[in-house]
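Given next are the chains, with one letter for each unit.
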Amino acid sequence: MYKIVKKSSLNPTVTYMEIEAPLVARKAEPGQFIILRVDENCERIPLTIADYDRVKGTVSIIFQIVGATTQKLNAKNEGEFIEDFAGPLGKPTELEGLKKVCIVGGGVGCAIALPIAKKLHEMGAEVTSIIGFRTKDLVILEDEFRKCSTNFYIMTDDGSYGTQGNVCAPLNEMFSENKTFDEVITIGPLIMMKFVVMAVKPTGIPCTVSMNPIMIDGTGMCGGCRLTLIRDGERITKFACVDGPDFNGYEIDFDEAMSRSLMYKEFEIKEHEKECNLLKGVN
Amino acid sequence: MANFNMQPNKNEMPMQDPIARGKNFSEVALGYTEEQAINEANRCINCKNPQCVQGCPVAVNIPAFINEIKNNNIDGAYAIIANTSNLPAICGRVCPQETQCEAKCLRGIKGEPVAIGRLERYVADNAKVKSSEIKEKNGHKVAVVGSGPAGLTCAGDLIKLGYDVTVYEAFHTEGGVLVYGIPEFRLPKKIVKEEVDKLKEMGVEFVHNVIIGKTLTIDELFEMGFEAVFVGSGAGLPNFMGIPGESYKGVYSANEFLTRSNLMKAYREDATTPIMKGGKVAVVGGGNVAMDAARTALRLGAEKVTIIYRRSMEELPARKEEVENAIEEGIEFKLLCNPVKIDAYFNENDKRDPKNGFVKSITAIKMELGEPDENGRRRPVPVPNSEFETEVNTVIIAIGTSPNPLIKDTTSGLDVNRRGGIIVTEEGATTKEGVYAGGDAVTGASTVISAMGAGKTAAKAIDEYISKKA
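Thresholds, definitions, all that
Residues numbered from 1 in each chain as written. Chains lettered and ligands numbered in written order. Predicted model: local features only at pLDDT ≥ 70, side-chain atom pairs only at ≥ 80, totals over all residues. Heavy atoms only, no water. Core = buried A, V, L, I, M, F, W, Y, C linked by side-chain atoms within 4.5 Å. Buried < 20%, exposed > 50% of the residue type's maximum accessible area, 1.4 Å probe, protein only. Contact = heavy atoms within 4.5 Å. pLDDT = per-residue confidence, 0-100. Pairing = 2+ DSSP bridges. Helix = DSSP H or I, 4+ residues; strand = E, 2+ residues; numbered from the N terminus. Axes fitted to C-alpha atoms, helices over the stretch in contact; angles between N-to-C directions. Buried area = accessible area lost by both parts, 1.4 Å probe. Salt bridge = Lys/Arg side-chain N within 4 Å of Asp/Glu carboxyl O. Polar contact = N/O pair within 3.5 Å; in protein donor to acceptor, adjacent residues only side chain to side chain. Nonpolar A, V, L, I, M, F, W, Y, C, P; charged D, E, K, R; others polar.

Let us now look at the nonpolar core. By size, the foremost hydrophobic cluster in this structure holds 138 residues, and its most contacted members are A:Met211, B:Phe65 and B:Ile69. With residues near it in sequence (within four places) discarded, B:Ile69 still touches B:Ala37, B:Ile38, B:Ala41, B:Ala77, B:Leu119, B:Tyr122 and B:Val123. In this structure, A:Met263, B:Val283, B:Leu300 and B:Ile307 belong to the second largest nonpolar core, which totals 33 residues.

What follows is the structure in structure tokens.
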């Protein structure tokens, strides 16, 4: 059992939790994830590590309330316990030697992008952060990003906050001014990452994407998280849990990944409704 | 002297009706009654030089325990089995006896062999006293990685020898493949739990949610004071065929399909883990895992389940009893066929059609058996222009696994072979001092009993290693 030591709401659908898990905290690095199970009857779900405190022995997660499981998780309060919490899983994001990096985060993906931005900042790298949201109410972690970024852009789709437009707009603008980076790291919805990769591609700057497919065990056993890389015309199957979650964005078959991510959409809608009838009509 | 029962055939195993059982997850085989067990035991002619024992990877003293059944001394029979096997209720259910103990039984020459597996299960299920002798604590600590059959066996043997044993499990529950892989109808979870609980009573400590190679490394286990480590981390990543369409929605690895159903209980109405149910299902492969996946799909409500296997019935590697059960339950076998592609539904006029990207058919090519390969098995070769398409909604790929890289990648000095399996000596010692390994992590996908055999061998080697050092 793992204790929830802190919980706060970042926006109406995104929650922050700090969990006591000393063994995970000891090893956690940016880019890695954990697998948790809220209670005996819940699914195992992967969540990327948003922060960790090796001294306190805690690991922070930030999650969007999207389905039955995240809803159950959100119903837990400070001082209560989660049944299972295992990790850190996946390979850490490779940051060594990077001096000038652009981090592009979208929606709740910003929670994953933040520890990377922070670590790069601590390493003395110049960090340009672009974070994007649908609308003002969904903005999270703005101050935290500002603190560790040399250049900072915030975008909303509807223009209710920051600059109106998507995250590719400032990227394209910088590229047109011949600004360059050692690497662009992007984390967010698949469709956003696909477009970021397309925007970066003409510059030839390495572009890393963080994939978050459906997983069950997370330890390299089930193969549910498989995705396809296209390298020199050849299709290669990789497993996000042990080979990733970071991949070379130029190689990912995004269309396939997007299709696979919808495998249980109908099931999830049904479960979500079962869990909370109050939410009907909101989504 | 005893009157042997010379009836040529085994006492039949009482089973759930094939039609009824195709719709539930309760155990298929119900177990012998006392009368059947004693009658079957009397078929054993107590050979002077019992071949059956040699056929058993953990060398259970088979004639001796059968003799106790003849006297209706079930606790006595249990004590004999428990001398060498820590998991009799499991072995009695899932061992491929027909290629091991029973293959060597003299009664099998003129008729059927003694039903050793069924008798073992009878003893395990009916014994009242199940205690084992435990030596005094010797103060030495051993870590076991993984709580599948190899790890449980190794832990059981070491605790009996007086060691302090801690088992690290990556998942939220113990049992490894026994709980995520083998379905309820073949091995009830309750049985696994009882065997694990027995080990807990004996003093084995289990730690969940620790992934060795990630949460802790092997080197850290030594720093923590363990003097030896046994790696029984099991089979790893599922293999795929490398044919077009394997990433469409509705294509599963058997590991994923079975894990969703077994470990995550997707077969229950109240489960929150989704799984595709119903429709037409194709399972690719011919091993036990393929049979388990096919029969699970049937129980989840599939209209039709077809097994596609590239060799013939004779070469099917699955346990014979499970193949027979599958046939009885109405699973169709398309033998001498090999899939070449999987197609999905696409609505040209509506890119947002929710059915887009879901499997609609599998195309296979007919095969014929050619020259024997290096293992003596006749190699299947495709028959030109014999492709045919079958309409399906779900495809489950059960063609084996490749070892998990997590431990290898984080343990210096631990060598693996070119397929990724950990290299070990006959005693189970790896190339790293104090580290032993066994089961699928070494061999790639194999059987429960061979993993148990490896766990046993390694426990002995670990005992010798630590005794010598001390």
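We are not done yet, so read on.
A word on the confidence of the model for chain A. The predicted model of chain A has a mean per-residue pLDDT of 91, with 95% of residues at 70 or higher. A low-confidence stretch, residues 277-283 of chain A (pLDDT under 50), is modelled with four contacts involving residues beyond four sequence positions or located in other chains.

Okay, the sheet that holds strand 3 (residues 205-207) of chain B next. Residues and elements named next belong to chain B. Strand order in the open sheet made by the five strands is 3-2-1-4-16, with parallel pairing throughout. Whereas interior strands pair on both sides, the edge strands pair on one side only; in this sheet they are strand 3 and strand 16 (435-437). For this sheet, the mean angle separating the axes of adjacent strands, direction not counted, is 20 degrees. Across three bridges, the pairing between strand 4 (residues 228-231) and strand 16 is parallel. Bridge assignment links Val229 to a residue of strand 16, and that residue is Val435. The strands touched by helix 18 (residues 448-469) within the sheet are strand 1 (141-145), strand 4 and strand 16, with strand 4 carrying the most contacts at an inclination of about 170 degrees.

Turning to the interface of chain B and chain A, a few remarks are in order. Note on interface size: it is often stated as the accessible area lost on association of the parts. Each side of the interface is counted separately: chain B has 44 residues, and chain A has 42 residues. Both sides of the chain B and chain A interface together cover about 3,700 Å² of buried area, and 56% of this is carbon and sulfur. Connecting chain B to chain A are two salt bridges. Residue B:Glu220 is joined to A:Lys27 by a salt bridge in which the shortest nitrogen-to-oxygen separation is 2.6 Å. Counting across the interface, chain B meets chain A through 20 residue pairs in polar contact (both at pLDDT 80 or more). At the level of secondary structure, the elements contributing two or more residues to the side of chain B that touches chain A comprise strand 5 (237-238), strand 6 (251-253) and helix 13 (254-261) of chain B. The element best represented in the side of chain B that touches chain A is helix 13 of chain B, accounting for four residues. Residue classes in the side of chain B that touches chain A are distributed as 21 nonpolar, 15 polar and eight charged.

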